[in-house]
Each structure stands twice: as C-alpha cells, then as structure tokens.
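Breakdown of the fold
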Amino acid sequence: MDPPDDGTVLESESAGSPGSGVPVWRSAAGFATRLPETPAALEVRHAVRDWMARYAPTGVVAVGLSGGADSLALTAAAVAEAEVVDALIVDHGLQAGSDAVAVAAAAAARSLGCRSARVLTVEVGGAGGLEAAAREARYAALAAARGGLPVLLGHTLDDQAETVLLGLARGSGGRSIRGMAEFADPWGRPLLRVRRTATRELCADLGLRPHEDPHNVSPEFARVRLRTEVLPLLEEVLGGAVAPALARTAEQLREDGAVLDELAEKLLISATDGSALSVETLATAVPALRRRAIRAWLLAGGAKALTDKHLRAIDALVTDWRGQGGVAVGGAKPGTRLVARREHGKLTMAFTPQ
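Residues numbered from 1 in each chain as written. Predicted model: local features only at pLDDT ≥ 70, side-chain atom pairs only at ≥ 80, totals over all residues. Heavy atoms only, no water.

Moving on to the overall build of the chain. A count of helical and extended segments in the chain gives 11 helices and 13 strands. Taking all 354 residues of the chain together, 43% fall into the buried category. A fraction of 65% describes how many contacts in the chain between residues 6 or more apart in sequence connect residues 24 or more apart. When the accessible surface of the chain is summed, it comes to about 17700 Å², and 53% of that surface belongs to carbon and sulfur atoms. (Helix = DSSP H or I, 4+ residues; strand = E, 2+ residues; numbered from the N terminus. Buried < 20%, exposed > 50% of the residue type's maximum accessible area, 1.4 Å probe, protein only. Contact = heavy atoms within 4.5 Å. Areas by Shrake-Rupley, 256 points an atom, 1.4 Å probe, with all protein chains shown as cover.)

This is how it looks when you write it as structure tokens:
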C-alpha cells in the first residue's frame, strides 16, 4: 500500500505494539489546519469542545474516521479542540477500492493535524447480517487499537433520530428508544446535537471531499430506508423538526433511565440473598424498578439478548405465582440453557442441560 503523497511518512505499527505491519501515517509537518470561522465550523467545534470538557479533560483522544463527511468534520474539530488526536481508519474490505479510501482518509487526517493515522483492516463475517457483522468487526478493531484513549465517533443528531425509530420496532420500552449516549466508555459521540448538514458544510468549508459510501444509500438496509423514506415522510406529515424531537426524546429518556437504574441498583442490593433474589423484597417494589433489578441480575449471571417477554415472564414469578416452571433466557452455553426459577421464596438462576 503506497503512502499518501502529502509529505507524510509511512511506518508499520499495530494497535498496541510496534512492528506488526499495520499502516500508520505520521506527518512530517505536524501542524493542524486552521478552521474557518463559518457557522458550521463554529457549531461542530463548540460541540466537540463541550464534550471534551466533560469527558476528556486530558485532551488526548482517538477518532474513528471512515472518510465520510461526519467523521471528517469531527476529526477537524477534534484537532482544533484537543491536545492530541490519533485517527483510526477501519477498512472493512467490503467494496472494491476500500483500501484506497482508507489511504485517502489517512492522508486527510494527517493534513488536518492528527498525530497519527492508523489503518485497521478487518474481516467481516456474516452472523446477524452484513450491517451488524461490519459494526461488530469495526468496534472490535477500534477497541483493540485505541491504546486506552476514548474513541470519538461521528454520530449526529440525524443518526440518533434513526436509532430511536429502529428502537421503536424492538418494543422494549424506554431503554430501546433512548438512543446513543454521549459517552459510553470508551465511545464518545460529541455530535449528537449537530445535524448532518452541518458536517457536510464544514467539509465544504475546508475543501474536503468526503467519501460517499454506497452502503449509505442502499435500500437493503433498514437504517437507509428510514433516512431516505421514513424520516422525510414524517417531516412532511408532521410539519418538520421530527429528527430534533426524536433526539430530544432520546436524551430525556436517557436521563430518566439513569435515575431509575440507580434506584433499581439499590433494590437489587437489598433483594440479593447470595446468588438468588428475595421474592418478598422484589414484590414490594414498583414494576419499573423491579424489572430493572431483575434485568441487571440476569445480565450479571450471563444472560444475553434479553427481551421484554423474558422480563415479564420472570416478573410473573414474583407477582403472579401460580406454580409455573422456570423461564429460559438467552446466553446459555453450548448444550445448556439458562433458566430462572422461583424456589422457596427466592428467584434462582442456573445453567441446566438442554
């Protein structure tokens, strides 16, 4: 792979140790491009500045850079606001020429003033569909390469609105529609209050030409249809401002959820009896706290992919006991199943043979 023709130097380095053959471009110049004082630049920069003050006071961060407008604008603003920025570019290898796109993104990162730009090549499996498999491979690569730094991601207000709509289809209550967090260690999302139009405007202000991923306009993906068909229709029918309203709702639900989770944790502590839970203690709590406590207990015990149906069935062991049997939940080991039961006034959980 040839280094970009912009005065940068190609080295080889892995996510955590030198000499493993992963391309890293380091700038010979070592200075950042000055951002123009345009409305888009000020909006994106202020969003990053506020995020940095709350979550990254050391001023050293990594940025997940795809080469698209959102992550390019985020990288430019991060360089302007942070002390040090390392760019991490994931090459999924799903399209012809993806390696060239990664090289161009690395060159852009260095021209903007990133300390380094590392290309991470991944193999995408097929489990759970292409979109989910690519996301899993991407996050795993970023986690392995971040070197202990928080990783900024270019998710915008529009992405948040799409996430809320996708969550509605899951029907799992407030948790499924409270969207993405500004910071869920190590992932940071400074642009959740910034529209996608602002990131494109900033790229234009900087003379950057973002990569247009064909997957972002492919109707085979549900998120793309939400973006191109559903949200525009909702804007038309409801008179505009739908995306900000959805993002605002997600933020409010996340704030409310944090309070409920804290109260549920206290309930869980008081109900815990060894590895079991006291049915009597749980029965005195309101449903919203009781189910949250049960959910946290199940997850700590190894449960995965919990659904509202699972939680309500286990909740019925507490509030509507008629001698019913145990409830099997996801997360079992091969050849076993994870089952929650009511036994002698307690909720118990164990892996049992299938």
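Overall, the coordinates contain 22 salt bridges when judged by the stated rule. Across the salt bridge formed by Arg-193 and Glu-251, the nearest N and O atoms sit 2.3 Å from each other. Here Arg-193 is found in the loop between strand 8 (187-188) and helix 6 (196-206), whereas its partner Glu-251 is found in helix 8 (residues 242-271), with 58 residues between them in sequence. Among the residues examined, Arg-193 registers a relative accessible area of 55% and is labelled exposed. Given a relative accessible area of 32%, Glu-251 falls into the partly exposed group. (Salt bridge = Lys/Arg side-chain N within 4 Å of Asp/Glu carboxyl O.)

What follows deals with helix 7 (residues 222-238). Val-230 marks where helix 7 bends most, by close to 35°; the proline Pro-232 follows one to four residues later. Residues of helix 7 that are buried: Val-224, Leu-226 and Leu-231. In the core, the buried residues of helix 7 are packed alongside helix 5 (157-170) and helix 8. (Bend = angle between axes of the 7 residues up to and from the residue.)

Turning to the nonpolar core, a few remarks are in order. Among the nonpolar cores identified, the biggest contains 41 residues, and Val-85 and Ile-89 are the most heavily contacted of them. Not counting residues within four places of it along the chain, the set of residues in contact with Val-85 comprises Val-61, Val-63, Ala-78, Val-79, Cys-114, Arg-115 and Ser-116. Core analysis: the next-biggest nonpolar cluster, separate from the first, contains 24 residues, Leu-267, Val-279, Leu-311 and Val-318 among them. (Core = buried A, V, L, I, M, F, W, Y, C linked by side-chain atoms within 4.5 Å.)

A few words on the sheet that holds strand 9 (residues 272-273). In spatial order, the strands read 9-10-13-12-11; together these five strands make up an open sheet with antiparallel pairing. Every interior strand has two partners, whereas the edge strands, strand 9 and strand 11 (327-329), have only one. When strand 12 (residues 336-343) meets strand 13 (residues 346-353), the two strands line up antiparallel, connected through eight bridges. In the sheet register, Leu-338 faces strand 13, and the bridge partner there is Phe-351. Sheet contacts for helix 10 (residues 287-300): strand 10 (276-278), strand 12 and strand 13; angle to strand 13, the most-contacted strand, approximately 35°. (Pairing = 2+ DSSP bridges. Axes fitted to C-alpha atoms, helices over the stretch in contact; angles between N-to-C directions.)

Take the pairing of strand 5 (residues 116-121) next. Within strand 5, five of the six residues are buried, which leaves it mostly tucked inside the rest of the structure. Direction of pairing for strand 4 (residues 84-91) relative to strand 5: parallel, over a ladder of six bridges. If you follow Leu-88 over to strand 5, its bridge partner there is Arg-118.

Here Glu-220 shows up in the loop between helix 6 and helix 7. Considered as a pair, Glu-220 and Glu-131 are 89 residues apart in the sequence and their alpha carbons are 10.0 Å apart.

Next up on the list: the packing of aromatic side chains. A complete count under the given rule lists four aromatic pairs for this structure. Judged by centre distance (4.9 Å) and plane angle (85°), the rings of Tyr-139 and Trp-187 are edge-to-face. You can see Tyr-139 sitting in helix 4 (residues 130-145) and its partner Trp-187 sitting in strand 8, a full 48 residues away along the chain. Across this residue pair, the class does not change: Tyr-139 and Trp-187 are buried. (Phe/Tyr/Trp six-rings, centres within 6.5 Å; stacked < 30°, edge-to-face > 60°.)

Before going further, it helps to examine the confidence of the model for the chain. Detailed reading of the predicted model is not advised wherever pLDDT is low. On average, residues of the chain carry a pLDDT of 88, and 90% of them reach 70 or more. Confidence drops under a pLDDT of 50 for residues 1-32, and excluding neighbours within four residues, the segment shows 73 contacts in the predicted structure. (pLDDT = per-residue confidence, 0-100.)

Let us now look at the UniProt feature "binding site: ATP" (unreviewed entry) in the chain. Within the UniProt annotation, "binding site: ATP" (unreviewed entry) is assigned to Ser-66, Gly-67, Gly-68, Ala-69, Asp-70 and Ser-71. Tracing the sequence through the fold places Ser-66 in the loop between strand 3 (60-64) and helix 2 (69-81). Dropping the residues within four chain positions of it, Ser-66 is found in contact with Ser-71, Val-101 and Ala-105. Among the polar contacts made by the side chain of Ser-66, one reaches the main-chain amide nitrogen of Gly-68 at a distance of 3.1 Å. Tracing the backbone through its elements, the reader meets Gly-68 in the loop between strand 3 and helix 2. With relative accessibility at 14%, the residue Gly-68 sits in the buried group. (UniProt positions renumbered as here; feature names shortened; annotations may be inferred. Polar contact = N/O pair within 3.5 Å; in protein donor to acceptor, adjacent residues only side chain to side chain.)

This part takes up the packing of helix 1 (residues 39-55) against helix 6. A pair of packed helices is captured by two measures, namely the crossing angle of their axes and the spacing between those axes. Contact geometry of helix 1 with helix 6 gives a least axis separation of 8 Å together with a crossing angle of 120°. With respect to helix 6, the axis of helix 1 lies oblique. Judged by the sense of rotation from one axis to the other, the crossing of helix 1 with helix 6 is left-handed. Contact residues: Ala-40, Ala-41, Glu-43 and Val-44 in helix 1; Ala-198, Glu-201, Leu-202 and Asp-205 in helix 6. (Parallel < 35°, antiparallel > 145°, perpendicular 65-115°, else oblique. Left-handed = near helix turned anticlockwise from the far one by under 90°.)

With that settled, the discussion passes to helix 4. The terminal C-alpha atoms of helix 4 lie 22 Å apart, and with 16 residues this matches the ideal 22 Å at 1.5 Å per residue to within 8%. For helix 4, every residue scored as buried is listed here: Ala-133, Ala-134, Ala-137, Tyr-139, Ala-141, Leu-142 and Ala-145. As for helix 4, its buried residues are in contact with strand 3, strand 4, strand 5 and strand 8. (Expected span 1.5 Å × (residues − 1).)

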